[in-house]
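Listed below, chain by chain, are the residues.
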Amino acid sequence: VKNNVDKVFSKFVVEGKCTVRFKDPPLDVSIKKADPLQLKILLNLLKHCHANEDFGGRNVPLISAITTKQLSLSRQMTIKSRAQYPAIGKQFPSSLERLTINSCELKRIDSRIYNLYNLKSLHLGFNKISILPEKLNPKCFSSLNELHLLHNQLVEISPTLLLKLKNTLGCLDISHNEITVLPDAICEMNQLRSLNCSYNKLSVLPKNIGWLRSLRELRISNNNLTHIPGSVKKLCLCHVNFSSNNFTEINAMENKPTLSGLSVSSLRECAAISVIKNKVKYADDDIPKILQHYLKTSNWSACGRPCFENYIAFKCGFDLHCAIDTTGEIVVDGSLIVPMEIAVCCHKCLRFCPP
């Protein structure tokens, strides 16, 4: 170390990170996820050793080994009141993996939380959050697996945030809010296993919610649903709760549809159907954004073919047993047959419609 340190990059020492550049051999040593206090002690000792200073009997601060308990505490934090909340200017520990902030009257997500790049679980229930971020830096929430926003004042969910989390988030709890619509972006969350939207004001579900192939738990009780989308039949759930909704009476639904309302599909729709059926891969630069969005709005007809504009919506009864695992649990009011809206695009679809 003596006269061998070229430079020390300590800008992020408060986050437990720094880089030490040595002369011989020429290499950089990066330190991450360190305790900020211990890291400052280390850099101070390094400074004295580099200058070949004699401590002359002075007490040298020691860098203590971190115990398992300390390591666990540095990775999780629970705040249950405003008195426990970090003061302005003070950062959350950068090593946090689980953060719980309840009953602190937060109106939005604290910007300091966006710097917790190791965060895997975030609980922000029982606050007053009404808006979610639209723009996030690339590292933000890159490892987040659980997001709990229950008992807040949300009226909508940011599609930008959902797309940001689509490859990592496994559990989303947005129950007990004022949400009226779930954005279509939620259907692109590849890793989502549990979705709780109970006690909101939802009148419809995204028509492509069946794209959530990893989904195992779906809770949408106490909403204003009149029917469920046809894509639900593609799911294989372990738990489903559709209780306390406004489902249409099965007897009151329409008769078997006719195809007289269909027309010739547009060239755009034909091309989009071909792209999806043949699983054509494309990059963002290959086609305009507006067409990329169009491809994501496809509806799956009763015969299994994707359709966009040229189809007839038809409501029929659906047995929830068809969308749940043999050992799964179903919670509904009364009958397990619930209204489902399916798309009819051709004569083949009519075979799947009850007489």
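Coordinates for the structure precede this section.
Read on for an overview of the structure. Since this is a predicted model, take the numbers as computed values, not measurements.

1. What to know about the environment of His-148
If you trace the backbone, His-148 turns up in strand S7 (residues 146–148). Spatially, the C-alpha atom of His-148 lies 9.4 Å from that of Asn-196, the residues being 48 residues apart in sequence. Those residues within four positions of His-148 in sequence are excluded, and the remaining contacts are Leu-122, His-123, Leu-124, Gly-125, Cys-171 and Asp-173.

2. What about the sheet that holds S7?
Across the sheet, nine strands lie side by side as S4-S5-S6-S7-S8-S9-S10-S12-S16; this open sheet has parallel pairing. Of all strands in the sheet, those with a lone pairing partner are strand S4 (76–79) and strand S16 (324–331), marking the two edges. When the angles between neighbouring strand axes are averaged without regard to direction, this sheet yields 5 degrees. Looking at chain direction, S4 and strand S5 (residues 98–101) are connected through four bridges and run parallel. By the bridge assignment, Met-77 is partnered in S5 with Leu-99.

3. Things to note about the pattern of salt bridges
Under the definition given, this model contains nine salt bridges. With its nearest N and O atoms 3.9 Å apart, the salt bridge here joins Lys-166 to Glu-188. Here Lys-166 is found in the loop between helix H3 (159–164) and strand S8 (171–173), whereas its partner Glu-188 is found in the loop between S8 and strand S9 (194–196), with 22 residues between them in sequence. Across the pair Arg-219 and Glu-217 runs a salt bridge whose closest N-O atoms are separated by 2.8 Å. Each of the salt bridges in this network shares a partner with another, and the network as a whole consists of Lys-166, Glu-188 and Lys-296.

4. Details of the packing of aromatic side chains
Applying the stated rule across the entire model yields four aromatic pairs. Pairing Tyr-114 with Phe-141 gives two aromatic rings, centres 5.8 Å apart and planes at 80 degrees, and the pair type is edge-to-face. Placement of Tyr-114 in the loop between S5 and strand S6 (121–123) and of Phe-141 in the loop between S6 and S7 is noted, with a sequence separation of 27 residues between them. Accessibility expressed as a relative area gives 16% for Tyr-114, which makes it buried. With relative accessibility at 3%, the residue Phe-141 sits in the buried group. Here Phe-242 and Phe-247 contribute two aromatic rings whose centre-to-centre distance is 6.2 Å and whose plane-to-plane angle is 85 degrees, an arrangement assigned as edge-to-face. One cation-aromatic arrangement involves Arg-82 over Tyr-85; the distance from NZ or CZ to the ring centre is 5.3 Å.

5. Some details on the sheet that holds strand S1 (residues 5–9)
A sheet is described by the order of its strands in space; here three strands give the open sequence S1-S2-S3, paired in antiparallel fashion. Looking at strand neighbours, the two that pair on one side only are S1 and strand S3 (27–31), the edges of this open sheet. The mean inter-strand angle of the sheet, taken between neighbouring strand axes irrespective of direction, is 15 degrees. Where helix H1 (residues 36–50) meets the sheet, it contacts S1, strand S2 (18–22) and S3, and its direction lies at approximately 20 degrees from that of S2.

6. Here's the deal with the state of the cysteines
What the rule picks out here adds up to zero disulfides. The closest cysteine sulfur to the non-disulfide-bonded Cys-104 is located on Cys-140, 19 Å from its own sulfur.

7. Concerning a positive patch on the surface
Positive charge collects at one region of the surface, where Lys-32, Lys-33, Lys-120 and Lys-139 lie side by side. Within the secondary structure layout, Lys-33 lies in the loop between S3 and H1. Residue classification places Lys-33 among the exposed residues on the basis of a relative accessible area of 56%.

Rules used in this analysis
- Residues numbered from 1 in each chain as written.
- Predicted model: local features only at pLDDT ≥ 70, side-chain atom pairs only at ≥ 80, totals over all residues.
- Heavy atoms only, no water.
- Helix = DSSP H or I, 4+ residues; strand = E, 2+ residues; numbered from the N terminus.
- Contact = heavy atoms within 4.5 Å.
- Pairing = 2+ DSSP bridges.
- Axes fitted to C-alpha atoms, helices over the stretch in contact; angles between N-to-C directions.
- Salt bridge = Lys/Arg side-chain N within 4 Å of Asp/Glu carboxyl O.
- Phe/Tyr/Trp six-rings, centres within 6.5 Å; stacked < 30°, edge-to-face > 60°.
- Buried < 20%, exposed > 50% of the residue type's maximum accessible area, 1.4 Å probe, protein only.
- Lys NZ or Arg CZ within 6 Å of the ring centre and 35° of its normal.
- Disulfide = S-S within 2.5 Å.
- Patch = residues over 30% accessible without salt bridge, like charges linked within 9 Å, V, L, I, M, F, W, Y side chains within 5 Å.
- Areas by Shrake-Rupley, 256 points an atom, 1.4 Å probe, with all protein chains shown as cover.
- Lys, Arg positive; Asp, Glu negative; His and termini not counted.
- Charge placed at Lys NZ, Arg CZ, Asp CG, Glu CD.

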